[in-house]
Amino acid sequence: MSSIGDQIRAQLPYNRRGAASLALLIFAMVLTLSAFAEVGLARDGRLPLGLPLYGGGLAVLAFAAYFVQAKFAPYADPVLLPLAVALNGIGLAMIYRLDLDTSRGKQAALSSGKAFEDAADAPGQLMWTFVGIALFVAAVLIMRDTNRSDAPLSFTPKTAQRYTYLIGLGAIILLLLPVVPGVGREINGAKVWIAIGGFSVQPGEFAKLLLVVFFAGYLVNKRQAMSLIGKKIGPISLPRARDLGPIMVIWIFCLGVLFIQKDLGTALLYFGLFVSMLYIATQRVSWVMIGIGLLAVGIFVATLLPFMGHVNQRISIWQHPEPYFDGGCMMASGKVEPVNPNTAIFKKNQIILEQKAKQYESQGNAARAKNTRAIAPGWYACTNELKGKYADSAQLMHGLFALGQGGVLGTGLGQGKPWIIPLSFSDFIFDSLGEELGLTGLMVLLLIYALIVQRGMKTAVAARDPFLKLFAGGVSFVLALQVFVIVGGVTKLIPLTGLTTPFLSQGGSSLMANWILIAILVRMSHDARKPAPQAIQDEGMTQIVSTR
Amino acid sequence: MNMDKPIRRVAIFGLLLFFGLMAQVNYVQGSEAESLRTDPLNTRRFSEVFNNPRGQITADGQVLVKSFPTGKSNPKYGRTYKDGLLYSPITGYFNGGASKVEMAYNSLLGGTDKRITHQRWFDTFIGKKPEGADLELTLNTAAQETAYRRLKAQTSQGRRGGVAVIDIRTGAVQVLASFPSFDPNEVAPQTGLTGGKRLEALDAQTGVIKPLIDNAMSQTFPPGSSFKIVTSAIAMDGGAINSQSQVSTGQLVLPESNKALPNSHDTGQCGGTATLRGAFAESCNTTFGKLALEMGIDKLNAGATKFGFNRKFEIEPDVQPAESDVPVEYFDPATKKKIRTGRDGTARSGIGQENVRATPLQMAMVAAATANKGKIMKPYLVERARAKDQSELYRARAQEYAQAMKADTADQLADMMRAVVTEGTGKSLAQYGIAGKTGTAEQGEGNPNARWFVGFAPMEKPRYAFAVVTEGPESGGANAGPIAGEVMRQVLKK
């Protein structure tokens, strides 16, 4: 009885699919260039000035990546690269389109001396695309000697297995960096950034990949023990503490860091990754059950902890976003009181704050007056007068309104008003695309993601080495889960948590990490799909020497 | 141990996640899209509206409201109102936000309505914007003009007046005029910020003059003696009396204060006893105060509710006329408590004073009931909507609003209203061929009277019901009556 992997391998063509890959890549480029052209034609009635730079730049990068793949990983899955290029290109076109409409506000803010970080930045995104694809090329080149993991300058996925614990440590350090004073930066309330040079980097994006390696390396060693040895209580078999211990420690550590960083989306992502890889390694449904139980306990505890009140509120916003629009206040009773600028309580507290500011001014305390004026009256009314917890659902609601505006066919690129959504170029880029490309466009995007994930899973099944199987399965699933958490959040399927939308969101860290992810899958699919090594000693038929 | 099986299961789970997302996106962008687009919190509703021409609003074949290209990028289209002062009580204004018919039919005028987009799905497919539909009002433009001109001439300086005329068989509104009015051209999209400020200024006006609130259906006045139609109807519907019954018209001492309820005159029919018809024609207050006292405030309230008092209705989608009231209890601002209308108050309520308030439209509906066997048809403003290709998208349907009283009671009341003009307080109006009830309501210290004439025309075989109110000195018969006569002359010309 052969396994599914054997069956798939038996049917693999072991062909180089270079022509198919090239054709798909050309299609992806046509798609991207058309998107750019449409932005210009719809907005200004002429081809955009940025078309040669952005479209041309992306085309050069994509074909460079293709030639490296064709030369050094010829048996690789032919659709992975074109799909990633298509996503990256559509995202870049959207950011370019948003940049055109937000740049005026940005310039006004800069000229008046204010910081204006929240803006679409197309040149920056093009640069990060360049860096991302360069990393893809580098990764494919470095990982080329799969069979000789000791070859100089080679670091194949298989090599990583040797450094399991070191990589685990690396993941923890990356996760911790943003909370280290002096290194970390807080943007939009989430402490997930570090400042390197003039750039903000999200180390969590890279920690994600390192954690997959760590889980894979650890589980591949322990899986036999974990799935076979252990006490059985009823239908559930419990693992030995020493098998479970280290992995629980790192898991609790991750969650702890993430709760402190207030980045629930990432916590959910790592948790799902952990449970799914545990399941792949041990085939034990009981593990999944234990995991879901832990998650339920975690969420329950989080809702009870006073400083974790925003978990409750996130759920409350998800259920009823309307009262939170432009500011809502959750009272101890669970009732939500709107404190938006139209309410009497807002106006009242606005006056109170202004009076206080004037009072400080008359006392000659200009700095304090300025600080008082900077306080949002809605927040002030909520925390002081109502003694509740303040939140604002305007982002989510504006995102949903954008989706509604788009409808089935969308307004067309360049013809909607996606910039109304706060963070329209990062967290909410999916809603921005939904407005202009419509339901039709979003279905295409989701299908592209689903295809990448399924191709990754196929690579995992086709891989021969257990570590590589877990590795490929892990990175594929983490991609699926990330898309689910962020897209589910911005479409109100699940409570909204901040995560980047792979390849679409503006941001260098996310692009770089995801291009490395594609490089890993490309390399592994090449290894899985290439013909098995031929026996060298072909000695022909045994000669029969006549004895006569 | 092989990992292929769990990997495949995780892959299927991953696919299920994507199916979940696809289902949600379909739900949001497919079935929820319309309600998201019209969500009151959605500011996008107003951002697109200046980029396309809106449909026209016409009446009697005249174009009253239309869009025109401004030649600028924002707004791309402006809107002009012909004789805005005359028609704004019906058309309302449009400046992104809207009121009255402009608001009620916003989606049809703007071309975003499903009835248009479904029909023109191919246009959306090729990116052509659907065009707004044109509306036809039920209005009689000549009569509307007469009404506004006469209101302007007859209303005291700084005071208000309103006229409502409806077709008794369909409920179609023929005239809905208000003075003072405002010109929607001043706040139309092309006026930009100036218009926005002007609208805020209009909205912020305090005192009795609130131009944005029309005096024909959105403002209430004490109906005074014209409310005796309702009091009579309730009493006669009870079956105890009819128009020929002898009733006391002499002095009435109010039970609580021991003060007399005054009559305007104590001669003629109001001298002691008369038939109900006679008392009605000469508008003897004491008779109707007594009738109200006998039936009590609860019955008066319940009876008036049958005419449309104490409740709201939508004359067009999202457009509600102000609620007319015969309150059983009222809010006392001094003690901040609700106080039940007492016996004195009940007597005064019976003659349309105390806290009784009515819109001209409501009083026209009362008159319509008397002229139409007790039946009131639901008033409406828009006759039909046509797409740009002239296909009909909407057509008004006559609907029964209420059976306010028995047909027999209505016939007797109609006869009593004719008597007002032939032998009572409205004798001076005989030349106009209309029947009705006069009313001169006091509005408290420092305020002029609310002068009413409520009735129907023609006198025999009535077709239209009307109500006119103006504020000023003198009486309803002398002031409001001639306005009603001239307006109805215009209405009947058609």
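Rules used throughout
The residue count restarts for each chain, going from 1 along the sequence in the order it is written. The naming scheme follows written order: chains are lettered A onward, ligands numbered 1 onward. Local features are withheld for residues below a pLDDT of 70 in this predicted model, meaning they are given only at 70 or higher, and side-chain atom pairs are given and counted only at 80 or more; totals for whole chains, interfaces and linings count all residues. Strands here mean DSSP runs of E at least two residues long; helices mean DSSP runs of H or I at least four residues long; both are numbered from the N terminus. Three exposure classes are used. Buried residues have 20 or more other C-beta atoms within 10 Å of their own C-beta, exposed residues have 12 or fewer, and partly exposed residues fall in between, all C-beta atoms being placed from the backbone. By the criterion used throughout, residues are in contact when their C-beta atoms, derived from the backbone, lie within 7 Å. Each residue gets one label: Ala, Val, Leu, Ile, Met, Phe, Trp, Tyr, Cys and Pro are nonpolar, Asp, Glu, Lys and Arg are charged, and the others, such as Gly, are polar. A pair of strands is treated as paired once DSSP finds two or more bridges between them. Axes here refer to lines fitted to C-alpha atoms; in helices the fit is confined to the stretch in contact. Angles between the N-to-C directions go from 0 to 180 degrees. Connectivity within a nonpolar core runs through C-beta atoms within 7 Å, and the core itself is a set of buried Ala, Val, Leu, Ile, Met, Phe, Trp, Tyr and Cys residues.

Q: Is there a simple way to explain the overall build of chain A in this structure?
A: Helix and strand content of chain A: 19 helices and eight strands. Looking at the 548 residues of chain A, the share that counts as buried comes to 49%. When contacts within chain A are restricted to residue pairs at least 6 apart in sequence, long-range pairs at least 24 apart make up 69% of them.

Q: I tried to follow the interface of chain B and chain A on my own but got confused; where do I start?
A: How big an interface is tends to be stated in terms of accessible area lost as the parts join. With 35 residues of chain B at the interface, the matching set in chain A holds 48 residues. Contributions of two or more residues to the side of chain B that touches chain A are made by α1 (4–31), α2 (33–37), α3 (44–47) and α8 (121–125) of chain B. Among the elements that take part in the side of chain B that touches chain A, α1 of chain B stands out by supplying 20 residues, more than any other. When its residues are assigned to classes, the side of chain B that touches chain A shows 17 nonpolar, eleven polar and seven charged.

Q: Which parts of the structure should I look at to understand the sheet that holds strand β1 (residues 57–59) of chain B?
A: As a general point, the strands of a sheet are linked pairwise by backbone hydrogen bonds and lie either parallel or antiparallel. All names here are of chain B. Within the open sheet, the six strands sit side by side as β3-β2-β1-β4-β14-β15. Their pairing is mixed. For this open sheet the edge positions go to β3 (77–81) and β15 (392–395), each flanked by a neighbour on one side alone. Recorded for the sheet is a direction-independent mean angle of 20° between the axes of neighbouring strands. Bridge analysis of β1 against strand β4 (residues 134–137) gives two bridges, and the strand direction is parallel. In the sheet register, I57 faces β4, and the bridge partner there is L135.

Q: Hey, could you run me through unusual backbone geometry in this one?
A: Glycine aside, the phi torsion of most residues is negative, and most peptide linkages are trans. The step from F179 of chain B to P180 of chain B runs through a cis peptide bond, and the omega angle for that step is -5°. Looking at the secondary structure, you find P180 of chain B in the loop between β6 (173–179) and α10 (192–204). Cis rather than trans, the peptide bond between A457 of chain B and P458 of chain B has omega equal to -10°. Looking at where P458 of chain B falls in the secondary structure, it is placed in the loop between β18 (449–457) and β19 (464–472). At L423 of chain A, a residue that is not glycine, the phi angle is positive and equals roughly 55°. Examined against the element boundaries, L423 of chain A turns out to sit in the loop between α16 (394–406) and α17 (429–462). For L423 of chain A, a count of 20 C-beta atoms within 10 Å gives the class buried. Within the chain, D60 of chain B stands out as a residue other than glycine whose phi angle is a positive 55°.

Q: Help me understand the environment of A64 of chain A, please; the structure alone is not making it clear to me.
A: Residues and elements named next belong to chain A. Along the chain, the position of A64 falls in helix α3 (residues 51–72). Among the residues examined, A64 registers 14 C-beta atoms within 10 Å and is labelled partly exposed. Between the alpha carbons of A64 and I133 there is a distance of 8.8 Å; along the sequence they are 69 residues apart.

Q: Just checking my understanding: could you explain the pairing of strand β14 (residues 382–386) of chain B for this structure?
A: All names here are of chain B. Of the pairings in the sheet, the one linking β4 to β14 comprises four bridges and is antiparallel in character. Note on β14: the bridge partner recorded for D134 is R386. The pairing of β14 with β15 spans three bridges and is antiparallel. Within β15, the residue paired with R384 across the bridge is R395.

Q: Sorry if this is basic, but what is going on with the nonpolar core here?
A: If you look at the biggest cluster of nonpolar residues, it comprises 158 residues, and the most contacted ones within it are V212, L273, M277, V475 and I518 of chain A. A total of 16 residues in this core trace back to one element, the largest contributor, which is helix α18 (residues 466–490) of chain A. L139, F309, L429 and A435 of chain B belong to the second largest nonpolar core, which has 118 residues in total.

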